Amino acid sequence: MRPYLLLFLLFPVLELFVFVKVAGAIGFFPALLLIILGSMFGVFVLRVAGLATALRARESLSRGELPAQTMLEGLMLALAGGLLILPGFISDVVGLLLLLPFSRRLIAGKMRQRAEEQTMRQRAFADDLQPRGGPAPREPLGREPTVIEGEFEHRDTK
């Protein structure tokens, strides 16, 4: 948690440092105009990417496929748009990298692979928690469990 807090605190300082350096090189108003144009482009990306992702996900579902990769890429596009909206050159560069299809697919693939590995670790841990006699027998999906009705009498033994 501490590295994220440190990054959260250092990121605005780094953005400001880069802005001062760029403003010193090209001038304050051109640098400010670049920041504003980047934010406007981020809003545009969020609008277009959200609609495109929803349409691709609907198309995948209509074919009977799970749109996991499409949803991850849509998440990357949304993150790219959000980073472009943030004022600053570092966030704009990272947002533009996420807009590139190659880098977006690469990052989405890595995220998917990491999620699958996490799931496998959790399953292995859950299997370790099963009783040693093996898992309890389960009814196949779609069938009701067998119920045996009966009566009982509670007797106190003294």
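Refer to the structure presented above.
Residues numbered from 1 in each chain as written. Predicted model: local features only at pLDDT ≥ 70, side-chain atom pairs only at ≥ 80, totals over all residues. Heavy atoms only, no water.

## Brief notes about the overall build of the chain
When helices and strands are tallied, the chain shows five helices and zero strands. In sequence order, the chain lays out its α and β elements as α-α-α-α-α. Counting the 158 residues in the chain, one finds 22% classified as buried. Nonlocal contacts in the chain, meaning residues at least 24 apart in sequence, comprise 58% of its contacts between residues at least 6 apart. (Helix = DSSP H or I, 4+ residues; strand = E, 2+ residues; numbered from the N terminus. Buried < 20%, exposed > 50% of the residue type's maximum accessible area, 1.4 Å probe, protein only. Contact = heavy atoms within 4.5 Å.)

## Regarding the side chain of Ser39
By the element assignment, Ser39 lies in helix 2 (residues 28–62). The exposure class assigned to Ser39 is buried, which follows from its relative accessible area of 18%. A polar atom in the side chain of Ser39 sits 2.9 Å from the backbone oxygen of Ile85. Those residues in contact with Ser39, other than ones at most four positions away along the chain, are Leu84, Ile85 and Leu86. (Polar contact = N/O pair within 3.5 Å; in protein donor to acceptor, adjacent residues only side chain to side chain.)

## Focus on a nonpolar patch on the surface
A cluster of nonpolar side chains, Phe28, Phe29, Leu32, Leu33, Ile36, Leu37 and Met40, forms an exposed patch at the surface whose accessible area comes to about 710 Å². By secondary structure assignment, the location of Leu33 is in helix 2. (Patch = residues over 30% accessible without salt bridge, like charges linked within 9 Å, V, L, I, M, F, W, Y side chains within 5 Å. Areas by Shrake-Rupley, 256 points an atom, 1.4 Å probe, with all protein chains shown as cover. Salt bridge = Lys/Arg side-chain N within 4 Å of Asp/Glu carboxyl O.)

## Some details on the nonpolar core
Of all hydrophobic cores here, the largest spans eleven residues; its members are Val45, Ala49, Leu72, Met76, Leu77, Ala80, Leu83, Leu84, Leu98, Leu99 and Ala108. With six residues, the single largest contributor to this core is helix 3 (residues 68–85). Core analysis: the next-biggest nonpolar cluster, separate from the first, contains five residues, Phe19, Ala31, Ile35 and Phe89 among them. (Core = buried A, V, L, I, M, F, W, Y, C linked by side-chain atoms within 4.5 Å.)

## Structural notes on the packing of helix 2 against helix 4 (residues 89–99)
Where helix 2 meets helix 4, the closest approach of the two axes is 11 Å, and the angle between their N-to-C directions is 35 degrees. Of the two possible hands of crossing, helix 2 and helix 4 adopt the one that is left-handed. Of the residues in helix 4, those touching helix 2 at Ala31, Leu34, Ile35, Gly38, Phe41 and Val45 are Phe89, Asp92, Leu96 and Leu99. (Axes fitted to C-alpha atoms, helices over the stretch in contact; angles between N-to-C directions. Left-handed = near helix turned anticlockwise from the far one by under 90°.)

## Comments concerning the packing of aromatic side chains
One pass over the full model with this rule turns up three aromatic pairs. Ring geometry for Phe19 against Phe28: centres 5.8 Å apart, planes inclined by 85 degrees, an arrangement best described as edge-to-face. The class of Phe28 is partly exposed, set by a relative accessible area of 45%. Aromatic side chains Phe19 and Phe89 sit 6.3 Å apart centroid to centroid with 15 degrees between the ring planes, which places their arrangement in the stacked category. In this pair, Phe19 is assigned in helix 1 (residues 2–26) and Phe89 in helix 4, connecting sequence segments 70 residues apart. Phe89 shares its class with Phe19; the two are buried. (Phe/Tyr/Trp six-rings, centres within 6.5 Å; stacked < 30°, edge-to-face > 60°.)

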